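Structural overview for review
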Amino acid sequence: MKKVNFPIHITEIESLEELSRPEQELIGLSRSMTRNAYAPYSEFFVGAAVLLENGEVIKGSNQENAAYPSGLCAERVAVFSASALHPGKKMKAIAISARSDNQTMDHPVSPCGACRQVLLEYEVKQKEAITVFLSGETGKIYRIEKVRDLLPLSFTAEDLGKL
Ligand code: THU
C-alpha cells in the first residue's frame, strides 16, 4: 500500500499587470460578460471568454432556468458555442470570472466539476493544452496551464478506448 498524490498546479497572479495584454483582454472580456448573465435565481453572475487559435474570442455567460438543472454554466455556454461555431479550431485559453449581488467576489471563481469535465473533453480532443484563467471582480487571478491540472484522476476518451 502506498499513498499517491495528484497535485493541482496553479499560478497565483497578484494583479492584471503581471499578464500579457492579450491575457488581460481575455480576462476583461470574461468580466464584462458577467453583465450578460441570466441568473435571477442564484444572483451569481459568471462570464467566460474562449480564445481560439485564429484569435477569435467566443463568449458566454451563465443561463439559469426556473427548472434549476436546465440552466447552464458560463464556461459550458462558451465552449459549446466555440465548438459548435468553429468545430475545427483549437481553443488556446479560457477566462472565467464571477460577480455576485450578495458578496464582493474578491477571489477567483472555481469551476464546477461538470465544467472541468467538459473543458477536458476539448483539451483531449485537440491534443493541445487550454490555459484557464480564473478571477473574481478584484483580487488575485489563477492561471492553470492545462485543464487536466484542474481535474486529477479524470475520465476521458482514453478510458473508453477511443484514443
Ligand atoms: N456557475 C457558472 O456559470 N460557472 C462556474 O464556474 C460556477 C457556477 C453558475 C451556475 C449557476 O448559474 C450559478 O453560477 C450559481 O451556481
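Here goes a summary of the coordinates provided. Source: prediction; values computed, not measured. (Residues numbered from 1 in each chain as written. Predicted model: local features only at pLDDT ≥ 70, side-chain atom pairs only at ≥ 80, totals over all residues. Heavy atoms only, no water.)

To continue, consider the overall build of the protein chain. What the protein chain contains, in helices and strands, is three helices and six strands. Starting at the N terminus and ending at the C terminus, the protein chain contains elements arranged as β-α-β-β-α-β-α-β-β. Taken over the C-alpha trace, the protein chain has a radius of gyration of 16 Å; the compact-globule value for 163 residues is 15 Å, and the two agree within 12%. On the principal axes, the C-alpha backbone points of the protein chain span a range of 45 × 40 × 35 Å. Here the protein chain holds 163 residues, and the buried ones make up 42% of them. For the protein chain, contacts bridging at least 24 residues in sequence account for 67% of all contacts bridging at least 6. Summing over all exposed atoms, the protein chain offers an accessible surface of approximately 9000 Å²; the carbon and sulfur share of this is 52%. Averaging the coordinates of the 19 positive side-chain charges in the protein chain and doing the same for the 21 negative ones gives two points 6 Å apart. (Helix = DSSP H or I, 4+ residues; strand = E, 2+ residues; numbered from the N terminus. Rg over C-alpha atoms; globule rule 2.2 N^0.38 Å. Buried < 20%, exposed > 50% of the residue type's maximum accessible area, 1.4 Å probe, protein only. Contact = heavy atoms within 4.5 Å. Areas by Shrake-Rupley, 256 points an atom, 1.4 Å probe, with all protein chains shown as cover. Lys, Arg positive; Asp, Glu negative; His and termini not counted. Charge placed at Lys NZ, Arg CZ, Asp CG, Glu CD.)

Right, let's get into the pattern of salt bridges. By the definition in use, this model includes six salt bridges. Measuring nitrogen to oxygen at the nearest pair gives 3.9 Å for the salt bridge that ties Glu12 to Lys140. Highlighted residues: Glu12 in strand β1 (residues 11-13) and Lys140 in the loop between β5 (131-135) and β6 (141-144), separated in sequence by 128 residues. Residues Asp149 and Lys146 are paired through a salt bridge, measuring 3.6 Å at the closest nitrogen-oxygen approach. Exposure remark for Asp149: the relative accessible area of 10% places this residue in the buried category. Via salt bridges that share partners, Glu23, Arg143 and Glu145 belong to a single interconnected network. (Salt bridge = Lys/Arg side-chain N within 4 Å of Asp/Glu carboxyl O.)

Let us look at the side chain of Arg76. Residue position: Arg76 is located in helix α2 (residues 74-85). Buried charged residue Arg76 carries no salt bridge. Nearest counter-charge: Glu75, at 6.7 Å. If sequence neighbours within four positions are ignored, Arg76 has contacts with Ser81, Cys112, Ala114, Cys115 and Val118.

It is worth spelling out the site of the ligand at this point. In the vicinity of the ligand, the contacting residues are Ser42, Phe44, Val46, Asn62, Glu64, Cys73, Ala74, Glu75, Ser110 and Pro111. A distance of 2.9 Å separates an oxygen atom of the ligand from a polar atom in the side chain of Asn62. A distance of 2.6 Å separates an oxygen atom of the ligand from a polar atom in the side chain of Glu75. Relative to its free-state accessible area of 370 Å², the ligand is covered by the protein chains to the extent of 77%. (Near = heavy atom within 4 Å. Polar contact = N/O pair within 3.5 Å; in protein donor to acceptor, adjacent residues only side chain to side chain.)

Looking now at helix α1 (residues 21-33). For α1, built from 13 residues, the straight-helix expectation of 18 Å at 1.5 Å per residue is met to within 8% by its first-to-last C-alpha distance of 18 Å. The complete set of buried residues in α1 reads Gln24, Leu26, Ile27, Ser30 and Met33. Looking at the buried residues of α1, the elements they touch are β2 (44-52), β3 (57-61), β4 (91-100), β5 and β6. (Expected span 1.5 Å × (residues − 1).)

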